Amino acid sequence: MEEVTGAQLIAEALASQDVKYMFGVVGVPIIEVAMAAQAAGIKYVGMRNEQAACYAASAVGYLTGRPGACLVVSGPGLIHALGGMANSNMNCWPVVVIGGSSDQNQDTAGAFQEFPQVEACRLYSKFSARPSSLVAIPSVIEKAVRTSMYGRPGACYVDIAGDMVNAKVDRDKVRVASRCPPPPVSLADPTAVLQALSALKEADRPLVIIGKGAAYGRTEAALRELLEQAGLPFLPTPMGKGVLPDDHPQCVSAARSRALLQADVVLLLGARLNWMLHFGLPPRFNPDVKIIQVDLCAEEMGNNVRPAAALLGDINAIVTQLLQCVRKDGWRYASDTEWWTALKEKMAANAKITTALAVQSTLPMNYYTVFHHVAQLLPRDCIIVSEGANTMDIGRTMLHNYLPRHRLDAGTFGTMGIGLGFAIAAATVERGRSKGQRVVCVEGDSAFGFSGMEVETMCRYNLPVVIIVVNNNGIYSGVDPETWKEMATMGDLTTIAPPVTLLPEARYDQVMRAFGGRGFLVRTVEELRDALRASLSDWETPSLINVLIDPSSDRKQQEFPWLTRSNL
């Protein structure tokens, strides 16, 4: 009879559940699990920090619809991954974390890195368990994968005792678990669908908000047909960008504030009325606005605002239901209404303000100048990863997406440090698909610092990632080198330097060069354009473009601050 180890059972169970990618940091007791995963055909990417590894694995879940695996060691290794698990849960992305733990016969004895891992993970995951024996491993893995995808997606944790990794069992004694199918598809109540359409037809100022749930639900084809048939204006949330192209004539992103404030009926597709949409409440929204909620989670219905219609089920199926009704009666919102006129006027006015900021020729450059020129050179099909307060917020409006699931950012949890892990995941998936789409990671200098060592991971695997660090010497704002030198002569910088400041003109480009990548220091528009062209043309080497901008550069005045209320 053939004997198999616990490591083999874990790897084979993941492979049988169609888990194709694993990210992690190996050590005792899970080194053999990573090796077994490779032997089972799973692509293993060794990261420099467990948090970044978990970010990467969760991004795979979003990009592919099937969870990535994150492999971590016991104690501190798992604790580092908890941030990634929490972020995955908040974003509703599937991920399965496999954590090594101390040997079973050492429980409560003070074993090396002993920690109540199963209990701790229950706060950060949908499912947390330790297989009771080797023979139970496949069924527990199947349940973790299934739970991560079914209902509202999220993180799941499987704990593996150290003495189970190399222990052996006869293969014929192992419980076989078949591959779990994709999540079941449910339709909305037909009555609710008719209520939703009735509200839209009665609206003077309708608006469709496209959330990242619509992107995750692969609803782009049906949604495009619905919106074009109905003639409705739409506004994507940050990761809803690209479900329909940002340059679509019905996209009103450039009039976001006006659209949210004055809409009288909002069709909410796979988005939540949380802080990112100002809870659906005044003064950001019309106090009498009617919300039509489309979500797969019943508990989300009525959160903060009571919906005029609640459509519960699979988002793509529900969009198809709405489309069928619109086709049947031929209804279309007129394109010559006062609402469309007001939105177009506001979009034109905002475009003038942005253009004026973008064409400024003064040095150092500002955010808008940088993004204006970056946007001109980016491939239409590139995946954009973005993080950093001003960097992410301004980039959201100026760097367009044209394809679904081609923007990854700090998301619902507002998590800084996700950028490089997300970029590694996207590049790894794209390489597996042989599509050749570039990954461009746009970072603030503060955000880059959270996971900057992952540039070594990019260089080790020759991932074609272009990192653009928009460097203003600080968090929100910094100081110029001369001011920094003056402060240094005044005494202890820990009592003098503003808490938001970072080292002026730090050479992040040299960090990339240290590992064999390409690094560029950029001060002018010409240098920026040359560096970006060179980086995009090199398909074998990761690049980092360190763009030095005015430390006092800021976003244009906002009536309703979106990401931060800081006045710094």
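The structure presented is a predicted model; accordingly, all values stated were derived computationally and were not measured.

Engineer: Quick one: what's the story with the pairing of strand β9 (residues 206-210), residue by residue and with numbers?
Structural biologist: The buried fraction of β9 is high, at five of five residues. Taking every second residue as pointing to the same face, both faces of β9 are buried, with P206, V208 and I210 on one and L207 and I209 on the other. For β9 and strand β11 (residues 265-269), the ladder comprises five bridges, and the chain directions are parallel. Bridging from a neighbouring strand, I209 pairs with L268 of β11. Alignment of β9 against strand β10 (residues 234-236), held across three bridges, turns out to be parallel. Opposite I209, over in β10, you have L235 as the bridge partner.

Engineer: Residue-level account of the sheet that holds strand β3 (residues 43-46), with values.
Structural biologist: Pairing is parallel across the open sheet formed by six strands, whose spatial order is β3-β2-β4-β5-β7-β6. Across the chains shown, the open sheet's two edge strands, defined by having one partner strand only, are β3 and β6 (127-129). Sheet twist, expressed as the average angle between the axes of neighbouring strands with direction ignored, equals 20 degrees. As paired elements, strand β4 (residues 68-72) and strand β5 (residues 95-101) share five bridges and run parallel to each other. Considered in β5, the bridge of A69 is made with V96. The strands touched by helix α16 (residues 419-433) within the sheet are β2 (21-24) and β3, with β2 carrying the most contacts at an inclination of about 150 degrees.

Engineer: Mind laying out the packing of aromatic side chains, listing which residues take part and the relevant values?
Structural biologist: Applying the stated criterion across every chain yields a total of five aromatic pairs. Plain terms: the ring middles of Y62 and W93 are 4.6 Å apart, the flat faces sit at 20 degrees to each other, and that makes the pair stacked. In this pair, Y62 is assigned in helix α3 (residues 50-64) and W93 in the loop between α4 (76-91) and β5, connecting sequence segments 31 residues apart. As far as the burial class goes, Y62 and W93 line up, both buried. Arranged with centres 5.4 Å apart and planes meeting at 45 degrees, the rings of W93 and F422 form a pair that is tilted. Within this pair, whereas W93 is found in the loop between α4 and β5, its partner F422 is found in helix α16, the two being separated by 329 residues in sequence. Relative accessible area serves as the criterion here: at 0%, W93 is assigned to the buried category. A connected cluster of aromatic rings, assembled from ring pairs, spans Y55, Y62, W93, Y216 and F422.

What counts as what
- Residues numbered from 1 in each chain as written.
- Predicted model: local features only at pLDDT ≥ 70, side-chain atom pairs only at ≥ 80, totals over all residues.
- Heavy atoms only, no water.
- Buried < 20%, exposed > 50% of the residue type's maximum accessible area, 1.4 Å probe, protein only.
- Helix = DSSP H or I, 4+ residues; strand = E, 2+ residues; numbered from the N terminus.
- Pairing = 2+ DSSP bridges.
- Axes fitted to C-alpha atoms, helices over the stretch in contact; angles between N-to-C directions.
- Contact = heavy atoms within 4.5 Å.
- Phe/Tyr/Trp six-rings, centres within 6.5 Å; stacked < 30°, edge-to-face > 60°.

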